[in-house]
Amino acid sequence: MILFNDFNAHYQTIADELESAVTRVLRSGWYILGEELRTFESAFAEWLGVKYVVGVGSGTDALALALMASDIGTGDDVITSALTAYPTITAIKQVGARPIVVDIDAETGLIDPNKIDDAVTAKTKAIIPVHLYGQSCDLAALETIAARHNLIIIEDCAQSVGATFGARKTGRFGRFGCFSFYPSKNLGAIGDGGAVVAQTQADFESLQRLRNYGQSVRYHHDSPGINSRLDEIQAAVLATKLPFLDTWTERRRTIAARYRAALHGVKWLESREYGQPVHHLFPIHVLKREQFMAHMTTHGIQTLIHYPVPVHKQHDYHADEDETLPVAESFADTVVSLPIYPELSDDAVDLICSVVNSYQPA
Ligand SMILES: *Cc1c(COP(=O)(O)O)cnc(C)c1O
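First things first, this report covers the structure right here in the doc. (Residues numbered from 1 in each chain as written. Predicted model: local features only at pLDDT ≥ 70, side-chain atom pairs only at ≥ 80, totals over all residues. Heavy atoms only, no water.)

**Thoughts on the sheet that holds strand β8 (residues 176-180)**
Point 1. Spatially, β1-β9-β8-β5-β4-β2-β3 is the arrangement adopted by the seven strands of the open sheet, whose pairing is mixed. Because the sheet does not close on itself, it has two edges, and the strands there are β1 (52-56) and β3 (98-102). Strand-to-strand twist across the sheet, computed as the mean angle between neighbouring axes with direction ignored, equals 25°.
Point 2. The pairing of β1 with strand β9 (residues 194-198) spans five bridges and is antiparallel. What sits directly across from Gly 55, in β9, is Ala 195.
Point 3. Sheet strands touched by helix α4 (residues 59-69): β1, β2 (77-81), β4 (124-128), β5 (152-156), β8 and β9. Its angle to β8, the strand with the most contacts, is close to 160°. (Pairing = 2+ DSSP bridges. Helix = DSSP H or I, 4+ residues; strand = E, 2+ residues; numbered from the N terminus. Axes fitted to C-alpha atoms, helices over the stretch in contact; angles between N-to-C directions. Contact = heavy atoms within 4.5 Å.)

**A short note on unusual backbone geometry**
Point 1. The omega torsion across His 306 and Tyr 307 is 5°, close enough to zero to call that bond cis.
Point 2. Relative to the helices and strands, Tyr 307 resides in the loop between α10 (289-298) and α11 (326-334).
Point 3. Residues other than glycine seldom take positive phi values, yet Tyr 213 does so here, at roughly 55°.
Point 4. Here Tyr 213 shows up in the loop between α7 (201-210) and β10 (215-217).
Point 5. Residue Tyr 213 is classed as partly exposed on the basis of its relative accessible area of 38%. (Buried < 20%, exposed > 50% of the residue type's maximum accessible area, 1.4 Å probe, protein only.)

**Concerning the packing of aromatic side chains**
Point 1. In the structure shown here, the tally under the stated rule is 12 aromatic pairs.
Point 2. Note on Phe 244 and Trp 248: the rings are 5.7 Å apart at their centroids and 15° apart in plane angle, and the pair reads as stacked.
Point 3. Of the residues examined, Trp 248 reaches a relative accessible area of 8% and is grouped as buried.
Point 4. Ring-pair connections join several aromatic residues into one group, and the members of that group are Phe 40, Phe 44, Trp 47, Phe 179 and Phe 181. (Phe/Tyr/Trp six-rings, centres within 6.5 Å; stacked < 30°, edge-to-face > 60°.)

Written out as structure tokens, the structure reads:
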């Protein structure tokens, strides 16, 4: 069986390092907001090329905290993509703001910058571009639109750790960049975790208070807040993994190239020349998707759909029954993701390609 994700194989590649990191935390007797977190925050900041990183409880919280730090809440609209992992929407709703979704580009699956102007209202405060599947959105186009309407940009980098736009990594463009360390992400913790990148010291300090009950000095609560901290075990695990991330990303790129060279009869997503993707996922479009997935399962290969239901068709979204976003809808109906992770062998990739190529929709 070729699994869609193989967390055990991943763990085995650096088992000794991970176990000693976890043991170190256990023996330290210090589990929240300590040395491990400070070490990871500064290592991640240096790797990204930024000054300010704040470790938080999850990617969803990273987005919610960035919105709070931007004073966005009840009465405000936030624009994002109709095709994203739903937590992007959860975070917007968590702070009381209203998500407004925009249709996608058919070739990339990313928010279509040409459709944003029409979605802006007097209440719109921010755009959350989602660098879906590991590919950066067109940040130059988004910066122009944001400047035109006086909106802030908060990047959803949950799937794009290390992806570039021009010479810079995603997460360095918006007022905030939000990362997830959910175990299946390219840089995965052994539980929940996330981080927010800030551009200014004022935003950095406000995030540090917000994640820790609004506390500035111990027992002094000068602003609202929540409890959302990256714990010492997760920070130690992430700091252990970070030095390997570039190698893992290279392997993902090699696998993606191998897929592109060998697959035929299916459409995969275009990579844009403005930057380098990190291939968090490898989605393709197929005819008769259920039949395709059954064919793959029969040959021992797991596939998943990212994502089967666009945001505006979710019950939790303030559904306007008539809202149609045709590109996102047809995309969601035909997309399916093939396994892609560093531990996947060339033989496994070749086998997946031959099984995909042998598919004959009835
Ligand atoms: C995973 C993910 C999130 C949420 O991250 P969590 O750590 O699971 O809260 C948000 N947005 C996108 C695009 C994601 O893929």
